[in-house]
Amino acid sequence: MYEKIEYGKIKNKSDWRYNGLANQHFAKEAPETYWKTSTDLPSFPALQEDTECDVTIIGGGITGITTAYELTKRGFRVVLIEANQVLNGTTAHTTAKVTAQHDMIYDEFIRHFGLNHARLYYEANQNAIDYIKGIVDEHQIDCEWIEQDAYLYTANENAVQKIRTEHEAYTKLGIERDLIKDLPIPLGSKLALVMKNQAQFHPLQYLKALLEQIVQKGGRIYEETVALDIKKGERPEVVTKSRHAIKSRFIICCSHFPFYDGGGLYAARMYSDRSYVLAIKPKIEYPEGMYLSIDQPSVALRYTVVNGEKLILFSGVSHKTGQGKAMSTHYETLRQLAESSIGIESIPYYWSTQDLVTIDKIPFIGPMSENEDNILVATGFKKWGMTSSAVAATLLSDLVEKKDNPYESIFTPSRFHLNPGLQKVISYNADVAKHLIKGKLEKPDVQFEDISPGEGKAVTINGRRAGAFRDETGCLHLVDTTCTHLGCEVEWNDSEHTWDCPCHGSRFKPSGEVVEGPAIKPLKQIDLD
Ligand code: FES
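The structure presented is a predicted model; accordingly, all values stated were derived computationally and were not measured.

**Digging into the sheet that holds strand β25 (residues 507-508)**
- Strand order in the open sheet formed by four strands is β23-β24-β25-β26, and the pairing between neighbours is antiparallel. Strands at the two margins of the open sheet, each flanked by one partner only, are β23 (491-493) and β26 (514-516).
- Summarising the sheet, β25 and β26 pair through two bridges and their orientation is antiparallel. Bridging across to β26, R507 finds its partner in E516.

Laid out in structure tokens, this is it:
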């Protein structure tokens, strides 16, 4: 007998087994982020009328909220709209490491863009740590801010030279660093590169305080308000799904993948990557520090204190969204990696997240396109949204104020760094094309009776690929699997119970509604009658 299944939940042991998570370690039967569970967030009304302001911000994640905070502080009238609830997307699913150690990038950046460029990137992100710390101190925010060293390590003798080369890059850039053999945690390290004085915090406790500050300074926040279109002009307008217009001097898109492209070809210059997080009560004593392995599959570790005990956020096993194996197998792979390194007492929480990656690994922050300097964007933070969002908040606010910012040229979306971008554009678009074509040709041989309650599968209806999900009552929900963004074929995500697009990461409920863009229209429902 199956209980009622809400969207995205796995509610009974049968589904659990089906999803491959049959393991005594998992305390919860559905993915749930610790950050959300431990934060009582305010709610806001939907926009019910036409309105106007100085700056309209689209997206209620860390970037939209920090930018709204910065702009209201500088005296601008700000309206922030969010399609669902604030802090419900990527920000709630982060591991919240506040660091300029963004994986192995500095040697690569020096080679591709030059020493000055790499130094500015580091400086922007290091300043972002000070910026966040300044806000925490100014408002006395109780958000578990703790300074931590960040470690990049390898457990593979053959990769030791890579760490040494990255260390040389740190030396050239003047980054405070250390090269050590043994980590304070048994991860089998052969060599590790330490970046000193980074930090970790509870992101939602921090952002809850920023929401209060925005409202106190006259900023207006609307939830359940979906931006459908932008009308360009002197005072551009955001048009919402409920047909209300917001006129302002500037529009800033912080909606993860920009729902509006403005001719900037973002779909061809970014891809989306999914990764997994287990919040683990370990068998070992966890020391201080944030750790990231450069080996494959890469894993990252930090801790957070829950009820006086350290839980380790053990994350990684990333892959392109909608590509690869059944989603639940990734949780299991991560669990096995954790078991063999830190040991597992229990896993009180687990969740997954989706990040956008630009082809040159540098975020897009600035005017949406060369011809529109009053429509701005911030996206493509890879997995480093904590510092990148602070970089975006100050840079975008300076653009609104027409003030010079030393980092503008690094992050501008209209940059054209041929090396390494072009080759990746070609291979990425070939990958998108492959998924477009492969999906169209596929004629899955799955019968409706092969689909159990709680399961979703691709099927063939009238000679065309379609998606079928059977709910707990036995009822089938059928959708056209053609993504409404640019037409790739969506794939079933068996751990989140969504249809995910392998091309640019749009996600849809079993009934077709959009969970995450860039798509703004739902999947078409199929009625067999
Ligand atoms: Fe772009 Fe699906 S998200 S085609």
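**Here we look at the pairing of strand β12 (residues 250-253)**
- The alternating pattern of β12 places F250 and I252 and I251 and C253 on opposite faces, both of which are buried.
- Taken together, the four bridges between strand β2 (residues 55-58) and β12 define a ladder with parallel strand orientation. Residue T56 lies in a different strand from β12, and its bridge partner there is I251.
- Note: β12 against strand β19 (residues 372-379), three bridges, orientation parallel. By the bridge assignment for β19, C253 is matched with V377.

**Brief notes about the packing of aromatic side chains**
- Per the counting criterion, the structure on display carries 19 aromatic pairs.
- Here the aromatic rings of F109 and Y121 are separated by 5.0 Å at their centres, their planes lie at 85°, and the arrangement is edge-to-face. Taken as a pair, F109 in helix α4 (residues 106-113) and Y121 in helix α5 (residues 115-138) lie far apart in primary sequence, 12 residues in all. Both residues of the pair, F109 and Y121, count as buried.
- In this structure an aromatic cluster arises from ring pairing among Y106, F109, F113, Y121, Y122, Y170 and F411.
- The ring of F364 has R269 sitting right over it, with the charged end atom 4.4 Å from the ring centre.
- Directly above the ring of Y303 sits K310, whose terminal nitrogen or CZ lies 4.4 Å from the centroid.

**Remarks on the nonpolar core**
- Counting residues in each nonpolar core, the largest one holds 91 residues, and the members touching the most others are Y106, Y206 and F411.
- Among the elements that line this core, the one with the most residues is α5, at 11 residues.
- If we skip the residues at most four places from it in the chain, F411 touches Y121, A124, I362, P363, F364, I365, V391 and L395.
- One finds L183, V194, I280 and Y303 within the second-largest nonpolar core, a separate group that totals 27 residues.

**Some details on the sheet that holds strand β21 (residues 464-470)**
- What the three strands build is an open sheet, ordered β20-β21-β22; its pairing is antiparallel. Each edge of the open sheet is held by one strand with a lone partner, namely β20 (456-461) and β22 (476-480). Between one strand axis and the next, the sheet turns through 35° on average, direction left out of account.
- Inspection of the sheet shows β20 paired to β21 by six bridges, in the antiparallel sense. Bridging across to β21, G456 finds its partner in F469.

**Some words on the state of the cysteines**
- The final tally for this structure, using the stated rule, is one disulfide.
- Here C488 pairs with C503 through a disulfide, and the sulfurs are 1.9 Å apart. What sets the handedness of the C488 and C503 disulfide is the S-S torsion sign, and at about -85° it is left-handed. One end of the pair, C488, is in the loop between β22 and β23; the other, C503, is in the loop between β24 (498-500) and β25, and 15 residues separate them in sequence. Judged on exposure class, the residue C488 and its partner C503 are both buried.

**A few points about unusual backbone geometry**
- Of note, the amide linkage connecting Q296 to P297 takes the cis form, showing an omega dihedral of -5°.
- Within the fold, P297 resides in the loop between β14 (290-293) and β15 (299-306).
- A cis amide bond links G517 with the next residue in sequence, P518, at an omega value of 25°.
- For P518, the position within the fold is in the segment after β26.
- You will see that D103, though not glycine, has its phi angle at about 70°, which is positive.
- Locating D103 in the fold gives a position in the loop between β4 (97-98) and α4.
- Classification of D103 by relative accessible area gives partly exposed; the value is 23%.
- In this model, Q140 sits at a positive phi of 50°, which is unusual for a non-glycine residue.

**Remarks on empty space enclosed by the protein**
- Summed over the entire model, instances satisfying the criterion amount to two cavities of 30 Å³ or more.
- Taken as a whole, the largest cavity encloses approximately 40 Å³ of empty space.
- If you go around the largest cavity, the residues you meet are K97, T99, Q101, A150, Y151, M290, Y291, L292 and W384.
- Counting only elements with at least two residues in the lining of the largest cavity, the list comes to β5 (146-154) and β14.
- Looking at which element gives the most residues to the lining of the largest cavity, the answer is β14, with three residues.
- Residues that form the lining of the largest cavity fall into these classes: six nonpolar, two polar and one charged.

Scoring rules and cut-offs
Residues numbered from 1 in each chain as written. Predicted model: local features only at pLDDT ≥ 70, side-chain atom pairs only at ≥ 80, totals over all residues. Heavy atoms only, no water. Pairing = 2+ DSSP bridges. Helix = DSSP H or I, 4+ residues; strand = E, 2+ residues; numbered from the N terminus. Buried < 20%, exposed > 50% of the residue type's maximum accessible area, 1.4 Å probe, protein only. Phe/Tyr/Trp six-rings, centres within 6.5 Å; stacked < 30°, edge-to-face > 60°. Lys NZ or Arg CZ within 6 Å of the ring centre and 35° of its normal. Core = buried A, V, L, I, M, F, W, Y, C linked by side-chain atoms within 4.5 Å. Contact = heavy atoms within 4.5 Å. Axes fitted to C-alpha atoms, helices over the stretch in contact; angles between N-to-C directions. Disulfide = S-S within 2.5 Å. 1 Å grid on protein atoms, 1.4 Å probe; cavity = no way out; pocket = protein on both sides within 12 Å on 5 of 7 lines; lining within 4 Å. Points joined across faces, edges and corners; volume = space filled by probe spheres on them. Nonpolar A, V, L, I, M, F, W, Y, C, P; charged D, E, K, R; others polar.

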